[in-house]
Amino acid sequence: MKKIALLTITLLGLTACSQGVTTMTDRTSSPCGDKPNCVSTQDNREQHSLATFTLSETATLDQIETVALAIPRSKTAEKTGDYLRIEYTSLIMRFVDDLELKIVDGELLVRSESRTGHSDFGVNRKRAEQLRESLKVAKLIK
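Figured I'd write up the structure that's included with this text. Source: prediction; values computed, not measured. (Residues numbered from 1 in each chain as written. Predicted model: local features only at pLDDT ≥ 70, side-chain atom pairs only at ≥ 80, totals over all residues. Heavy atoms only, no water.)

### A look at the overall build of the protein chain
The condition that has to hold: Helix and strand definitions follow DSSP, with helices as H or I runs of at least four residues and strands as E runs of at least two, each counted in order from the N terminus. Relative accessible area decides the class of each residue, using a 1.4 Å probe on protein chains only: under 20% of the type maximum gives buried, over 50% gives exposed, and in between gives partly exposed. Here a residue-residue contact requires only that any non-hydrogen atoms of the pair lie within 4.5 Å. Only the protein chains shown count as cover for residues, and the accessible areas themselves come from Shrake-Rupley with a 1.4 Å probe.
In terms of regular secondary structure, the protein chain is built from three helices and six strands. Starting at the N terminus and walking to the C terminus, you meet the elements of the protein chain as α-β-β-α-β-β-β-β-α. Out of the 142 residues in the protein chain, the part that is buried amounts to 37%. Contacts in the protein chain between residues far apart in sequence, at least 24 positions, make up 52% of those at least 6 positions apart. With an accessible surface of roughly 8,200 Å², the protein chain has 59% of that area assigned to carbon and sulfur atoms.

Okay, here's the thing in structure tokens:
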């Protein structure tokens, strides 16, 4: 009984820790930190780097948002001008990852990072590459 209660309290605590960010500054131009739970087009280190997303001439942020929101358990958290932040929530533990997108000079800056924990087991990289493939299918990137 004590083990079940302890496990329940721990899981609820972890779930609560992954929620609650209401404001965040644009980090699309910033490299990732040292934790292996982040990928970015602006980071040159192998474990964090993503290849460039070169936009088609007609791509808009609204179109990109539509494609990004087709990935399950996503919601738009912030959208201003050429910047978009989408939150993805894990199915079981309800951890939140932030996908930040910004259009700059014909490229889409992409940064995806877990809010909590050390490793994400490659989830952010898989999501970014899933987004890349979906944007290619939609002819929004080259």
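### What about the packing of aromatic side chains?
Within a pair of aromatic rings, the relevant descriptors are the distance that separates the centres and the angle that separates the planes. We count it as follows: Side-chain rings of Phe, Tyr and Trp, where Trp is taken by its six-membered ring, are said to pair if the distance between their centres is within 6.5 Å; with planes under 30 degrees apart they count as stacked, over 60 as edge-to-face, and otherwise as tilted. We call a charge positioned above a ring when the Lys NZ or Arg CZ atom is no farther than 6 Å from the ring centre and deviates by at most 35 degrees from the ring normal.
In the structure shown here, the tally under the stated rule is zero aromatic pairs. Over the ring of Phe53 we find Arg132, and its NZ or CZ is 4.0 Å from the ring centre.

### Considering the pattern of salt bridges
If the charged atoms of two oppositely charged side chains come close together, the side chains can form a pair. Rule in force here: A pair is scored as a salt bridge if a Lys or Arg side-chain nitrogen falls within 4 Å of a carboxyl oxygen belonging to Asp or Glu.
Inspection of the entire model under this criterion finds 18 salt bridges. With its nearest N and O atoms 3.1 Å apart, the salt bridge here joins Glu87 to Arg85. Both residues of the pair, Glu87 and Arg85, count as buried. We note a salt bridge from Glu113 to Arg111, for which the minimum N-O separation is 2.6 Å. Here Glu113 and Arg111 have matching classes, each one buried. A single network of salt bridges, built from pairs that share partners, joins Lys75, Glu78, Arg85, Glu87, Asp98 and Arg115.

### Focus: the side chain of Thr28
Where we set the bar: Pairs of N or O atoms within 3.5 Å make up the polar contacts considered here, provided that, within protein, one atom can donate a hydrogen while the other can accept it, and that residues adjacent in sequence are counted only when both atoms are side-chain atoms.
Relative to the helices and strands, Thr28 is located in the loop between α1 (2-17) and β1 (38-40). Reaching out from Thr28, the side chain makes a polar contact with the side chain of Asp26 at a distance of 2.7 Å. For Thr28, the contacting residues outside a window of four places in its chain are Ser40, Gln42, Tyr83, Glu100, Leu101, Lys102, Leu109 and Arg111.

### Observations concerning helix α3 (residues 123-137)
For clarity, the cut-off: Take the number of residues in a helix, subtract one, and multiply by 1.5 Å to get its expected span. By definition, the arc is the one covered by directions from the helix axis to the C-beta atoms.
Between its first and last C-alpha, α3 extends 21 Å over 15 residues, near the 21 Å set by a 1.5 Å rise per residue. Taken residue by residue, α3 has Asn124, Arg127, Ala128, Leu131, Arg132 and Leu135 as its buried positions. Buried residues of α3, seen end-on, are gathered within an arc of 145 degrees and therefore sit on one face of the element. For α3, the exposed residues lying more than 90 degrees away from the buried face are Lys126 and Val137. Contacts made by the buried residues of α3 are with β1, β2 (53-54), α2 (61-68), β4 (83-89), β5 (96-104) and β6 (107-114). Two residues or fewer past α3, Lys139 is found with a positive phi of approximately 60 degrees.

Scope: geometric values only; no functional claims are made or implied.
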